Amino acid sequence: MTSLPELVVLVTAVRMGTPTLGVGNIIGGNTFDTLMIGMADVFYLAGPVYRDAGDPSLVLLGGTMLMTAVLAGGLVVRDRKGIGFEGFVIPLIYAATVGLIYATG
């Protein structure tokens, strides 16, 4: 349920003419969520949380990290004309991640 507020902030930031604020919100939220997995590992007493997380969760984690890296890379090499490469690559990574989860059952 945390994606809806991020979407609202992104749309509002773009309308205000500050898309960097919206993208920073998305990167910050994803980074924070990913760091929480590491914190869960500290407090999970049954062993490494990654071992018990299951393959679908780890695939989602990897996909999220990859999408965040592509988005950050897109900000570094930002083209001012039209949509950047990340606008095409991120949906492909998302589709591949979801497809991989469904394919592996």
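In this text, all values refer to a predicted model and were calculated from it rather than measured experimentally.

Rules of the game
- Positions within a chain are numbered from 1, following the residues in the order the chain's sequence is written.
- A pLDDT threshold of at least 70 governs which residues receive local features in this predicted model, and a stricter bar of 80 or more applies before side-chain atom pairs are shown or counted, although totals over entire chains, interfaces and linings include all residues.
- Calculated side-chain values reflect all of the structure's heavy atoms, with hydrogen atoms and water omitted.
- For this analysis, a salt bridge means a side-chain nitrogen from Lys or Arg found within 4 Å of a carboxyl oxygen belonging to Asp or Glu.
- Only protein chains enter the area calculation, which uses a 1.4 Å probe; residues under 20% of their type maximum are buried, those over 50% are exposed, and those in between are partly exposed.
- For our purposes a nonpolar core is just a set of buried Ala, Val, Leu, Ile, Met, Phe, Trp, Tyr and Cys residues, chained together by side-chain atoms within 4.5 Å.
- Helix numbering and strand numbering both begin at the N terminus, where a helix is a DSSP run of H or I of at least 4 residues and a strand a DSSP run of E of at least 2.
- Between N-to-C directions, angles cover 0 to 180 degrees, with each direction set by a line fitted to C-alpha atoms, over the stretch in contact for helices.
- For a crossing to be left-handed, the near helix must be turned anticlockwise from the far one by less than a right angle; the clockwise case is right-handed.
- A contact between two residues is defined here by any heavy atoms of the two lying within 4.5 Å.
- Grouping into patches uses exposed residues only, defined as over 30% relative accessible area, and leaves out salt-bridged ones; the cut-off is 9 Å for like charges and 5 Å for nonpolar side chains (Val, Leu, Ile, Met, Phe, Trp, Tyr).
- Each accessible area value is a Shrake-Rupley result obtained with a 1.4 Å probe; residue values ignore everything except the protein chains displayed when judging cover.
- Helix span, expected: 1.5 Å multiplied by one less than the number of residues in the helix.
- Any residue with an atom within 4 Å of a point lines the site, the site being either a cavity, points on a 1 Å grid over the protein atoms alone where a 1.4 Å probe fits but cannot get out, or a pocket, an open set with protein on both sides within 12 Å along at least 5 of 7 lines.
- Grid points are joined across faces, edges and corners, and a volume is the space filled by probe spheres set on the points.
- Polarity classes work like this: nonpolar for Ala, Val, Leu, Ile, Met, Phe, Trp, Tyr, Cys and Pro, charged for Asp, Glu, Lys and Arg, and polar for all others, with Gly in that last group.
- Each residue carries a pLDDT value, the predictor's own confidence for that position, ranging from 0 to 100.
- An angle below 35 degrees is treated as roughly parallel, one above 145 as roughly antiparallel, one from 65 to 115 as roughly perpendicular, and anything else as oblique.

In this section: the pattern of salt bridges. Tallied over the entire structure, the rule returns one salt bridge. In this structure, the salt-bridge partner of Arg51 is Asp52, at a minimum N-O distance of 3.3 Å. Looking at Asp52, the relative accessible area reads 40%, which means it is partly exposed.

Okay, the nonpolar core next. Formed by Val23, Ile26, Ile27, Met67, Val70, Leu71, Ile90 and Ile93, the largest nonpolar core amounts to eight residues. Where this core is concerned, the elements lending two or more residues are helix H2 (19-43), helix H4 (55-76) and helix H5 (86-104).

Quick look at the packing of H2 against H4 now. Geometry of a packed helix pair, given as the angle between the helix axes and the separation of the axes. In contact at an axis separation of 10 Å, H2 and H4 are set at 145° when each is read in the N-to-C sense. As for the relative orientation of H2 and H4, their crossing is left-handed in sense. Of the residues in H4, those touching H2 at Val23, Ile26, Ile27, Asn30, Thr31, Thr34 and Ile37 are Leu61, Thr64, Met65, Thr68, Leu71, Ala72 and Leu75.

Together, Phe32, Leu35, Met36, Met39, Val42 and Phe43 give the surface a local cluster of nonpolar side chains, amounting to about 650 Å² of exposed area. Position of Leu35 relative to the elements: it lies in helix H2. Residue class for Leu35 comes out exposed when judged on its relative accessible area of 53%.

Over its 13 residues, helix H1 (residues 3-15) runs 18 Å from end to end, which matches the ideal 18 Å to within 8%, given 1.5 Å per residue. Just past H1, the residue Gly17 takes up positive phi, approximately 85°.

The gaps left among the atoms become clear once a water-sized probe is rolled over them. Quantified by volume, the largest pocket comes out at close to 520 Å³. Lining the largest pocket are 18 residues, with Ser3, Glu6, Ile26, Asn30 and Thr64 positioned closest to its centre. Counted by class, the lining of the largest pocket contains ten nonpolar, six polar and two charged residues.

Turning our attention to the confidence of the model for the protein chain. With 94% of its residues at a pLDDT of at least 70, the protein chain reaches an overall mean of 82. The lowest-confidence element of the protein chain is H1, averaging 79 in pLDDT; the highest-confidence one is H5, averaging 91.

It is the contact of H1 with H2, at a shortest axis distance of 6 Å, that shows an interaxial angle of 160°. Our classification of the angle between H1 and H2 gives roughly antiparallel. In terms of crossing hand, the pair formed by H1 and H2 is left-handed. Taken together, the residues of H2 that come into contact with H1 (itself represented by Glu6, Val9, Leu10, Ala13 and Val14) are Pro19, Leu21, Gly22, Val23, Asn25, Ile26, Gly29 and Asn30.

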